[in-house]
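A closer look at the structure
The lines below spell out each chain.
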Amino acid sequence: METTQIMKSPNGKYSFTFEEIIADYRLAIRSRFASLLGRKEVLTGKASFGIFGDGVELSQIAAARAFQYGDFRTGYYRDQTFEMYLGNVNVTQFFSQLYADPDIKNDPHSGGRQMNSHFGVRLLDENGMFKNQLNMKNSISDISPTAGQMSRMLGLAYASKLYRNEKSLEKISSNFSKNGNEIVFGSIGDASTSEGVFFETMNAAGVLQVPLLMSIWDNGYGISVPRSLQTVNNSISKALSGFQSDKEGTGIDIYQVEGWDYLKLCEVYLDSSKKVRQKHKPALIHVIDITQPQGHSTSGSHERYKSKERLDWEKEYCCIKKFRDWIVKSKIASLHKLNDIDEEERIHVEKSRVQAWELLMNPIKKEFDDALSLLNKVLKNTKQINKIQNCIFNIENSVTSNRRVLHSNLFKAIVSLSNEESHEKTLLLNFYSDFSKKYAQLYENKLYSESKESPLHIPKIDPIYSNDSESVDGRIVLQKCFDQLFLNNPKFFVIGEDVGKLGDVNLVFEGLNAKYGDLRVTDTGIREATILGQGIGTAIRGLRPLVDIQYLDYFLYCLQTASDDLATLHYRTAGGQKAPVIIRTKGHRLEGIWHTGSPLSMILGSVRGMYICVPRNMTQAAGIYNTLFQSDNPALVIEVLNAYRLKEKVPDNLSQFTVCLGHPEILKQGNDITVVTYGACCKVANDAAIELEKIGISVEVIDVQTLIPFDLTSTILESIKKTNAVLFFDEDLPGGTSAYMMQQTIEKNKAFHYLDCMPRTLSAKENRCAYGRDGDYYCKPQIEHMVETCYRIMQEREPKKYIELFPMNKKVQGAMSLKNEENTPYKEQQELF
């Protein structure tokens, strides 16, 4: 009886040729050998850490079968088989990333910046411009924080909804979408579904009805913690059963399938992906009975927490073993044929590993040889023979040949030659300088956009006013600015809590929802992390979102997403991907513990890679938005919350004028003291400067406008050259943003040499701001505090002219509070004005 050459899926809808099945087996065993050999490379010291996709090969092949050009994968850092199936990574590249090869040609996913199994195709060309995503099998750069990929996943799928339903995008979507038919393949490990952002994303996906196909790889553990301690009902698909709905346009479809059942896996993924693509109804596929042959990672052994029974079960239910047994049983291929494939793939993987190692080591060996040659020349003409010989010995006998060893010993050699001069030393210094600059640049570049669309390239256009310029509430200036952006840029849209029908809690978008529709001025649920995720995903896909986070302290809900994903995207892909999303929020000077609004030092330390803009009024904010939406770097804009009702004139060129990022503005000229501030504190500083003029102290007030980038024009330095004194003033906590501004100015811009007295900071107190006017007065810096601080600066310089105001009091940390030093009654205070 002749054996059929086709296998049918259980429902009879799909056919798979024997050749296709054998090709899938070949890929599965190739990926498995890569995992096994990768772990060995870590344990023998050639790589630092390894985390691999062994155990999920079959389910990832099934998922990848349903993937089409233009689709997106964004997921778990074990999706190596998925990526190999798509052709996004070969085995040599897999090992190059494991070895942290910094050459982008060898590791195109991250240029050696990410640990292994963190994949992402290069969506940008060499000039930093988007390629045609419809011609690619798109994969977004993975991140390590568990469930951190979920937020952006929602946005990638949301972009398809916008491209399908927003008619204004039809003429500009040719490189990004074909009628919104693209779907997003997301993945996550089962234990990571315990993270809140997973539930937030799945809830939002069901509400929005976006084409997200979510895979959960369930191996029963979260490192060592069993599923029973992770998930209610011991099953994530059961836990999410309330999300499921049979009604059209609601909920999500939920499937469960064993990770070793090849035909059923293929059937489920082909069926579900077709529905997701056509109907835009999200789906979740819970892949159970997955094994983990090597445990969680190279950090430990799973034998420590798994029972013998569990380990025996995993050996029996290994997906490749089950696949292999089924192939033989179904007479698709003989055991001998499969053994031959195994050996061929073992050899292929080893050859690929060797190639990756040589690609890494050959340039290093050349650098070692060049350095040793120079050191041996130095050895012939130096008194430091022993020290130079020791450096040579260290380089020649290093256990691991890496640039760190070379750099360290070159540095030691140069230090030992500090008192000598020779031609050989000069050659060594030149080599060291070039070597240092090369690799410092290699590992530092691409943090911010370097393309022609960088906001740093946008020229300044000043606002123009005339007798006809209207005076309005500040919020109206922004409203008119955003109206122009909607009119002029069909890619522009805004999402956030209450921005739609209400028009934002401060009515900045009042009337714009009625004018432009729900898809461009969109209300969301209270879910900051995935609001930002919607922005990230849509920005990656060519749209220009404005993400509205209602208050600055609510930004903490999405700080992890902003910090670990958005801010690092361009850097961790070595310029291969970007997401120019603009985040709008409001803060500063608001009363109360929960809306104090100035956690900026925390933000500064978390979002390098984004620009941070701190406009003092709404006109300045409008100019900043005009700049940002012409450019391609993500940014955070913090508007002054208590300024929406203050009157401002509307520039005649509202849609054209721009603010240059990193260019401080001098608000008031002065000669005695430079005061550096931003945002709401600009008004406080200006008012205090007027009072100081009354007592003969001339203050120059500078608004930095942006904290990142900071003073690219050395405006503050030039001011200090004139005044020789500086106060850094804001309402963050002591040692926070004011200290950051001091470091940038005094150390980085080298202003120290021009000071004739100690630089000072003035900030809020360490505690959150208490509620009420008095709470604000005593917790945050006020006019009186700045006046006193500036007076003390002048007193230090001219003590005879500026006598002590409060002889029995001392300054305490934070806002300028006055406290009796020995608990005695305050002496009568000298009249200031």
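Residues numbered from 1 in each chain as written. Predicted model: local features only at pLDDT ≥ 70, side-chain atom pairs only at ≥ 80, totals over all residues. Heavy atoms only, no water.

Some words on the overall build of the chain
- When helices and strands are tallied, the chain shows 26 helices and 26 strands.
- Scaling as 2.2 N^0.38, a compact globule of 833 residues should have a C-alpha radius of gyration of about 28 Å, and the chain matches this with 31 Å.
- Overall, the chain is about 110 × 80 × 55 Å in size when its C-alpha atoms are taken along their principal axes.
- In the form shown here, the chain has an accessible surface area of approximately 34300 Å², with 51% of it arising from carbon and sulfur atoms. (Helix = DSSP H or I, 4+ residues; strand = E, 2+ residues; numbered from the N terminus. Rg over C-alpha atoms; globule rule 2.2 N^0.38 Å. Areas by Shrake-Rupley, 256 points an atom, 1.4 Å probe, with all protein chains shown as cover.)

Focus: helix α18 (residues 559-566)
- Within α18, 6 of the 8 residues are buried, which leaves it mostly tucked inside the rest of the structure.
- Here α18 has its buried residues at L559, T561, A562, S563, D565 and L566.
- For α18, the secondary structure elements touched by its buried residues are α5 (150-165), α17 (528-540), α19 (569-572), β15 (582-587) and α20 (600-604). (Buried < 20%, exposed > 50% of the residue type's maximum accessible area, 1.4 Å probe, protein only. Contact = heavy atoms within 4.5 Å.)

Things to note about the nonpolar core
- One finds F198, F482, F555, Y625 and L707 to be the most contacted residues of the largest nonpolar core, which totals 123 residues.
- Among the elements that take part in this core, α5 stands out by supplying 9 residues, more than any other.
- Not counting residues within four places of it along the chain, the set of residues in contact with F198 comprises M150, I188, S192, T193, M214, I216, I236, L240 and L284.
- Among the nonpolar cores identified, the runner-up in size contains 87 residues, and L37, L58, I183 and L270 belong to it. (Core = buried A, V, L, I, M, F, W, Y, C linked by side-chain atoms within 4.5 Å.)

So, the sheet that holds strand β14 (residues 544-548)
- The strand order β13-β12-β14-β15-β17-β16-β22 describes an open sheet built from 7 strands, whose pairing is mixed. Both edges of this open sheet fall to β13 (521-523) and β22 (706-708), since each of them pairs with a single strand only. The mean angle between the axes of side-by-side strands here comes to 20 degrees, regardless of whether they run parallel or antiparallel.
- Direction of pairing for strand β12 (residues 492-496) relative to β14: parallel, over a ladder of 5 bridges. Residue pairing in the sheet places I495 in a bridge with V547 of β14. (Pairing = 2+ DSSP bridges. Axes fitted to C-alpha atoms, helices over the stretch in contact; angles between N-to-C directions.)

Regarding the side chain of S245
- Residue placement: S245 occurs in the loop between α7 (236-239) and β9 (253-258).
- Of note is the side chain of S245, whose polar atom sits 3.1 Å from the backbone nitrogen of K247.
- Ignoring any residue separated from it by four or fewer positions in sequence, one finds S245 in contact with T250, G251, I252, D253 and K281. (Polar contact = N/O pair within 3.5 Å; in protein donor to acceptor, adjacent residues only side chain to side chain.)

A look at the confidence of the model for the chain
- Taken as a whole, the chain shows an average pLDDT of 93; of its residues, 96% reach a score of 70 or greater.
- Low pLDDT (under 50) marks residues 812-833, which in the prediction has 54 contacts with non-local residues, meaning those over four places away or in another chain. (pLDDT = per-residue confidence, 0-100.)

Some remarks on the packing of aromatic side chains
- This structure, assessed with the given rule, holds 32 aromatic pairs.
- A ring pair is formed by F95 and Y99, whose centres lie 6.2 Å apart and whose planes are at 35 degrees; its orientation type is tilted.
- Judged by relative accessible area, F95 falls into the buried class, the value being 0%.
- Measuring from ring centre to ring centre gives 5.5 Å for Y791 and Y802, while their planes differ by 90 degrees; the resulting arrangement is edge-to-face. Taken together, the residues span a long stretch of sequence, with Y791 in helix α26 (residues 783-797) and Y802 in the loop between α26 and β25 (809-811) at a distance of 11 residues. The residues Y791 and Y802 share a single accessibility class, namely buried.
- Pairwise contacts between aromatic rings join F482, F486, F492, F509, Y516, Y625 and F629 into one cluster.
- Positioned over the ring face of Y69 is K137, at 5.0 Å from the centre of the ring. (Phe/Tyr/Trp six-rings, centres within 6.5 Å; stacked < 30°, edge-to-face > 60°. Lys NZ or Arg CZ within 6 Å of the ring centre and 35° of its normal.)

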